Amino acid sequence: MSQDLVGPVPLLVVYNPIAGRRRRRFLSRVLEALEARAASVRLEPTQARGDAEALARAAAATGAARLVVAGGDGTINEALNGLSGSSVALGIVPLGTANVLAAELGLGTSAKNVAAAIMDGRPRSVTLGTVNGRRFSMMAGVGFDAHVVRDVSSKLKRAIGKGAYVLETLRQLVVYNNKFYDIRVDGVPMRAASLLICNGHYYGGQFVAAPQARLESPELQVVLFQRAGRFATIRYALALATGRLPTRPDVRILAAQTIEIDGPVGEPVQGDGDVIAHLPAKFEALRAAAILVGPPA
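Residues numbered from 1 in each chain as written. Predicted model: local features only at pLDDT ≥ 70, side-chain atom pairs only at ≥ 80, totals over all residues. Heavy atoms only, no water.

(A) Spatial organisation of the layout of surface pockets. As a volume, the second largest pocket reaches approximately 420 Å³. In this structure, the second largest pocket is lined by 19 residues; those nearest its centre are Pro94, Ala98, Asn99, Gly108 and Thr109. Considering every element that reaches the lining of the second largest pocket, the biggest residue donor is helix H1 (residues 21-36), with 4 residues. Looking at the lining of the second largest pocket residue by residue, the classes come out as 7 nonpolar, 8 polar and 4 charged. (1 Å grid on protein atoms, 1.4 Å probe; cavity = no way out; pocket = protein on both sides within 12 Å on 5 of 7 lines; lining within 4 Å. Points joined across faces, edges and corners; volume = space filled by probe spheres on them. Helix = DSSP H or I, 4+ residues; strand = E, 2+ residues; numbered from the N terminus. Nonpolar A, V, L, I, M, F, W, Y, C, P; charged D, E, K, R; others polar.)

This is the structure in structure tokens:
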């Protein structure tokens, strides 16, 4: 993996060095494919939370046309926040645990295809969600899943990937303090035990939570889980895993421009797999907020 690949097409690749050995090998194959396509790659590793955002902001300030992020949804989330207000197109090398945005874009798992998307991909102007001014690309959550995201062990996540979320979900089934949230969806009062705000139809990998949610849509989709308790949560998880979540009578899915939740104060809000805000919170759809690079047409 070369730090400087000689060629006419300059590319800045911000990457998360914490990725496991298998993911680093995938990144190496992508870089080799880029080199074969005459790219000049400069690698910038992140060393702490917030680095990807700062590097993306600096790239936008220098007039970069395209930025590449090699990492998971959390690293990509940081970069999208750093590119706020810019016209920089963002390419992705999926290295994370779930890679939900990469699945939504249809990038696949071939290093050559990912390199082709970076070099020749179609730029797509997409909607992003915001919560208290912080952007997210795919989804945000309040309630049970936000507590899972907040408490999952990062060390275990690096070791066993998605299995860490399964273990934390089982733990939360025992310790989670069930509650209901008072919500306003485009000003209309509602109530739910948990909720997801979806900007794309995939969740947690390639599970479908909101079938109508798409990146180009001007609206967000709100998934309201109307029952609380351990057994209701298990039923929701099974329905999600089997593709039946939208058909459940105790799940309501609505299109919305704004969603507001007043409390309980301090409750976590997860966005793209990291805690990015706390209640009270206001979620909004932000049209044409980012340019993402997908596979070539």
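(B) Geometry of empty space enclosed by the protein. Applying the stated criterion across every chain, the model contains 1 cavity of 30 Å³ or more. Space inside the largest cavity adds up to approximately 50 Å³. Leu80, Leu83, Ser86, Val88, Arg135, Ala289, Ala290 and Ile291 are the residues that line the largest cavity. At 3 residues, the largest contribution of residues to the lining of the largest cavity is made by strand S18 (residues 281-293). Split by residue class, the lining of the largest cavity holds 6 nonpolar, 1 polar and 1 charged.

(C) Quick look at helix H3 (residues 73-82). Taking burial as the measure, the 10 residues of H3 include 10 buried ones, the bulk of the element. If you check which residues of H3 are buried, you get Asp73, Gly74, Thr75, Ile76, Asn77, Glu78, Ala79, Leu80, Asn81 and Gly82. (Buried < 20%, exposed > 50% of the residue type's maximum accessible area, 1.4 Å probe, protein only.)

(D) How the structure looks around the pairing of strand S17 (residues 274-278). As paired elements, strand S16 (residues 268-271) and S17 share 4 bridges and run antiparallel to each other. Note that in S17 the partner of valine 269 across the bridge is alanine 277. (Pairing = 2+ DSSP bridges.)

(E) Representation of a nonpolar patch on the surface. On the surface, Leu156, Ile160, Val166, Leu167 and Leu170 cluster together into a nonpolar patch covering about 420 Å² of accessible area. When residues in the nonpolar patch are grouped by element, the largest group, 3 residues, is from helix H8 (residues 163-175). Assignment of secondary structure puts leucine 170 in helix H8. (Patch = residues over 30% accessible without salt bridge, like charges linked within 9 Å, V, L, I, M, F, W, Y side chains within 5 Å. Areas by Shrake-Rupley, 256 points an atom, 1.4 Å probe, with all protein chains shown as cover. Salt bridge = Lys/Arg side-chain N within 4 Å of Asp/Glu carboxyl O.)

(F) Structural detail: the sheet that holds S16. Taking strand neighbours across the sheet as the criterion, the 6 strands line up as S14-S13-S10-S7-S16-S17 in an open arrangement whose pairing is antiparallel. The open sheet has two free edges, formed respectively by strand S14 (251-256) and S17, since each of these has just one partner strand. Looking at each pair of strands side by side, their axes are set apart by 25° on average, direction ignored. (Axes fitted to C-alpha atoms, helices over the stretch in contact; angles between N-to-C directions.)

(G) Representation of the packing of aromatic side chains within the structure. Counted by the stated rule, this structure contains 2 aromatic pairs. Between the aromatic rings of phenylalanine 144 and tyrosine 176, the centroid separation amounts to 5.4 Å while the plane-to-plane angle is 80°, which identifies the pairing as edge-to-face. Taken together, the residues span a long stretch of sequence, with phenylalanine 144 in helix H6 (residues 144-151) and tyrosine 176 in the loop between H8 and strand S8 (181-185) at a distance of 32 residues. Exposure class is identical for phenylalanine 144 and tyrosine 176. Each is buried. (Phe/Tyr/Trp six-rings, centres within 6.5 Å; stacked < 30°, edge-to-face > 60°.)

Functional significance is not addressed by these values, which are geometric in nature.
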